[in-house]
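# Architecture at a glance
Chain by chain, the residues run as shown.
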Amino acid sequence: MDPILKTTGLVKAFGGLVAVDHVDMEVRRNTITLLIGPNGSGKTTLINVVTGIYPADSGRIIFEGRDITYMPPHARARLGISRTFQNPRLFPRLTVLENMLVSAYRDVGIDVLRRWVREERELVRRAFSILRALRLDEHWHKWASDLSGGQMKLLEIGRALMMGAHLIIMDEPLAGVHPSLAHEILGRLRETIGRADVTFLLVEHRLDIALEYADYAYAMAFGKIISQGDPRKVVSEPIVVESYLGRPIA
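Residues numbered from 1 in each chain as written. Predicted model: local features only at pLDDT ≥ 70, side-chain atom pairs only at ≥ 80, totals over all residues. Heavy atoms only, no water.

### Remarks on the sheet that holds strand S4 (residues 58-63)
Taken together, the four strands give an open sheet; going across it, the order is S2-S1-S4-S5, and neighbouring strands pair in antiparallel fashion. The strands lining the two open edges of the sheet, one partner per strand, are strand S2 (17-27) and strand S5 (66-67). By the bridge criterion, two bridges tie S4 to S5 in an arrangement that is antiparallel. Considered in S5, the bridge of phenylalanine 63 is made with arginine 66. Lying over the sheet, helix H1 (residues 43-50) contacts strand S1 (5-14), S2 and S4, oriented at roughly 115° with respect to S1. (Pairing = 2+ DSSP bridges. Helix = DSSP H or I, 4+ residues; strand = E, 2+ residues; numbered from the N terminus. Contact = heavy atoms within 4.5 Å. Axes fitted to C-alpha atoms, helices over the stretch in contact; angles between N-to-C directions.)

Below is the structure:
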């Protein structure tokens, strides 16, 4: 099966600093792929280039067989690429359900109102179906600001699914989350893959938890991919361990 996302020779530099250095990466469809590495290794820059926040200096980005290298971020989002952040970006004074429904619309104007009248029931049914899958349906009436940190991150996933995302790129989804809830979040990601055509690419530091759920891993250092493959094998590679320690292994 062709990968949902593929980069070839991807480069991004800031002056003399090459943050992404000829990166070749493939993300297989309906999997959880980890992108790991020490701080400053280029992980966040890489996902910023993939999502269009930064333009690539050279190389190619292929999403579902289509070259998106020079597409703006909103066009990539329309094709099905979504991004979540370490700190959830929700509408705090809207309810959980309202946050979901707002995410279904990406246009403005009178057509939105007409479409709302036609599609309201179907969108509400779809929102509740996703909320049930994420086990947030009992919280549909709560303000987003009243959710726990872990629930906010799940709601971000729900919003991405409402937008029709096929690839959800998550930047440190477990940051600041209690271990028991972190396992619950990743378990629900796994369940979501079983219910929908969705793929996850996670940038994550809490490897003790994430390794249990990942299908594949890439390790970065100094802007380059230094190892890839089975997640547990990748984290035990001497070159990967050395990159975290900042010195050769004794």
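From this point, things continue past the structure.
### Structural notes on the pattern of salt bridges
On inspection of all chains with the given rule, the structure shows 10 salt bridges. In this structure, the salt-bridge partner of lysine 12 is aspartate 57, at a minimum N-O distance of 3.7 Å. Of this pair, lysine 12 sits in strand S1 while aspartate 57 is found in the loop between H1 and S4, placing the two residues 45 residues apart along the sequence. The class of aspartate 57 is partly exposed, set by a relative accessible area of 43%. (Salt bridge = Lys/Arg side-chain N within 4 Å of Asp/Glu carboxyl O. Buried < 20%, exposed > 50% of the residue type's maximum accessible area, 1.4 Å probe, protein only.)

### A few points about unusual backbone geometry
Unlike most non-glycine residues, asparagine 30 shows phi in positive territory, near 60°. Mapped onto the secondary structure, asparagine 30 falls in the loop between S2 and strand S3 (32-36). With a phi close to 60°, arginine 135 is a non-glycine residue in the positive phi region. Structurally, arginine 135 is set in the loop between helix H4 (110-133) and helix H5 (149-162).

### Focus on the side chain of serine 243
Looking at where serine 243 falls in the secondary structure, it is placed in helix H9 (residues 238-245). Serine 243 gets classed as buried once you look at its relative accessible area, which sits at 17%. Of note is the side chain of serine 243, whose polar atom sits 2.6 Å from the backbone oxygen of valine 240. Leaving out residues up to four positions away in the same chain, serine 243 has contacts with Pro38, Ala221 and Ile226. (Polar contact = N/O pair within 3.5 Å; in protein donor to acceptor, adjacent residues only side chain to side chain.)

### Topic: the environment of alanine 127
When you line up the elements, alanine 127 lands in helix H4. For the pair formed by alanine 127 and tryptophan 140, sequence separation is 13 residues and the distance between their alpha carbons is 9.5 Å. Contact partners of alanine 127, with chain neighbours within four places excluded, come to Leu97, Met100, Leu101 and Met162.

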